[in-house]
Amino acid sequence: MTGKPAPYPVKLENVWFNARTKPLIKDISATFADEEGLTVILGPNGAGKSLLLRLCHGILPAHEGLVTWGGGDDPGLHDHRQAMVFQRPVHLRRTAGGNIDFALKLHKMPRLQRAQRIDEALELTGLSRYRAIPARLLSFGEQQRLALARAWALAPDLLLLDEPTANLDPAAQRLIEEVLLKMIAGGTRVLMSSHDLNQARRLASHVVFLYRGRIKEQSSAEQFFAGPKNDLAQSFLRGDLLWWRRRAVFAPDPDKEDDKF
Ligand SMILES: Nc1ncnc2c1ncn2[C@@H]1O[C@H](COP(=O)(O)OP(=O)(O)OP(=O)(O)O)[C@@H](O)[C@H]1O
Ligand SMILES: [Mg+2]
């Protein structure tokens, strides 16, 4: 797309993020998107998945530590080499097509090319008939698809997705998964959070398991689903890692180090 280097790998070195004095992301050192494919971030509600994605996108500054993209400090937000779809998508007061057009205009794409790209993006995500409808009138699931359509249209090298199919019906979910697989086959690297273990099994090449702001396990998807080493990850896979039962399930608490926070 441009002569600039790709925004991967994304490297975090001793990264902390705090709310007031409470640490929410705790001393994470990890490398993401260093290989092709899709990395899924798994973890219970409140584990810090959305915060970690925002740190990786560069829109949330770390309180301590360093985040780099392809060895540099530019996440590629300005030239759209990197795009993110948020858990709660935000759209401009424009039509569905107008929202994609705006993003492409920022990318300096010529008008004719833009019109074609918008058609393709809406078609891919099953939204063609909403092209002229104000984006904010779309249903929540449709808005989520529109956010992905906009990201797809930008053809990013690295795509960050925060639970992109959480509100979609099964047919729309399948459609989105097909779009993602096409993007991955085309060389886009994806870092995505999901609660859906079956979806993670279908799409992921790598897995990160996050718990209370710490990475407890990071491995290939094959290794992870064959049996994670971490006991919390094992419980999560079995479906019995519930945040409100943590103490009851684990006595004595196996995660004592985190309790000082
Ligand atoms: N700005 C903030 N101030 C205080 N607490 C925050 C802030 N942002 C996030 N948190 C807390 O940090 C924790 C992690 O939040 P985050 O949204 O990253 O979780 P998550 O893993 O994405 O959860 P979910 O699966 O529900 O989307 C939560 O307990 C949340 O309440
Ligand atoms: Mg979240």
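Structure: see above.
The model shown is predicted, which means the values in this text are computed figures rather than measured ones.

What counts and what doesn't
Each chain has its residues counted from 1, running along the sequence as written. Chains and ligands are labelled by the order in which they are written, letters from A for the one and numbers from 1 for the other. Only residues with pLDDT of 70 or above have their local features reported here, since the model is predicted, and side-chain atom pairs are shown and tallied only from 80 upward, although totals for entire chains, interfaces and linings are computed over all residues. Side-chain calculation: all heavy atoms of the structure are included, whereas hydrogens and water are not. Residue proximity to a molecule or strand is established when one non-hydrogen atom of the residue lies within 4 Å of it. Whenever a nitrogen or oxygen atom comes within 3.5 Å of another N or O atom, the pair is scored as a polar contact, on the condition that within protein one atom can donate a hydrogen and the other can accept it, and that pairs from neighbouring residues in sequence are kept only if both atoms are in side chains. Each accessible area is a Shrake-Rupley result for a 1.4 Å probe, and residues are judged covered by the shown protein chains and nothing else. Secondary structure elements follow DSSP: runs of H or I of four or more residues count as helices, runs of E of two or more count as strands, with numbering from the N terminus. Under the scheme applied, nonpolar residues are Ala, Val, Leu, Ile, Met, Phe, Trp, Tyr, Cys and Pro; charged residues are Asp, Glu, Lys and Arg; polar residues are all the others, including Gly. Whether two strands pair depends on DSSP finding at least two bridges between them. Axis geometry follows a simple rule: fit a line to the C-alpha atoms, using only the stretch in contact for helices, then measure angles between N-to-C directions, giving values from 0 to 180 degrees. Residues are treated as being in contact if the distance between any of their heavy atoms lies within 4.5 Å. The definition of a nonpolar core used throughout is a set of buried Ala, Val, Leu, Ile, Met, Phe, Trp, Tyr and Cys residues joined through side-chain atoms within 4.5 Å. Think of it in three bands: with a 1.4 Å probe and only protein chains considered, a residue is buried below 20% of the maximum accessible area for its type, exposed above 50%, and partly exposed in between.

Caption draft 1: Summary view of the site of ligand 1. In the region of ligand 1, 13 residues are neighbours, and G46, G48, K49, S50 and H195 sit closest. The side chain of Q87 places a nitrogen or oxygen atom 3.0 Å from an oxygen atom of ligand 1. Taking 640 Å² as the accessible area of ligand 1 by itself, protein coverage stands at 59%. If you tally residues by element for the shell around ligand 1, the top one is helix 1 (residues 49-57), at 3 residues. Of the residues contributing to the shell around ligand 1, the split by class is 5 nonpolar, 6 polar and 2 charged.

Caption draft 2: Expanded view of the sheet that holds strand 2 (residues 22-32). The 3 strands are arranged 2-1-4 in an open sheet whose pairing can be described as antiparallel. Of all strands in the sheet, those bounded by a partner on one side alone are strand 2 and strand 4 (64-69). Adjacent strand axes in the sheet meet at a mean angle of 25 degrees when their direction is disregarded. Pairing between strand 1 (residues 10-19) and strand 4: 5 bridges, direction antiparallel. Looking across to strand 4, one finds that K11 is bridged to T68. Across the sheet, helix 1 touches strand 1, strand 2 and strand 4, and the angle it forms with strand 2 is around 55 degrees.

Caption draft 3: Representation of the nonpolar core within the structure. Core analysis: the largest hydrophobic core is formed by 49 residues, its most contacted members being L42, I100 and L159. The greatest single-element share of this core, amounting to 7 residues, is contributed by helix 4 (residues 140-153). Y8, L53, M84 and L191 belong to the second-largest nonpolar core, a separate cluster that totals 26 residues.

Caption draft 4: Quick peek at the environment of V85. Residue position: V85 is located in strand 5 (residues 82-85). Distance from V85 to M192, taken between C-alpha atoms, is 9.3 Å for residues 107 residues apart in sequence. Residues in contact with V85, not counting those within four places in the same chain, are A147, L148, A151, L160, L161 and D162.

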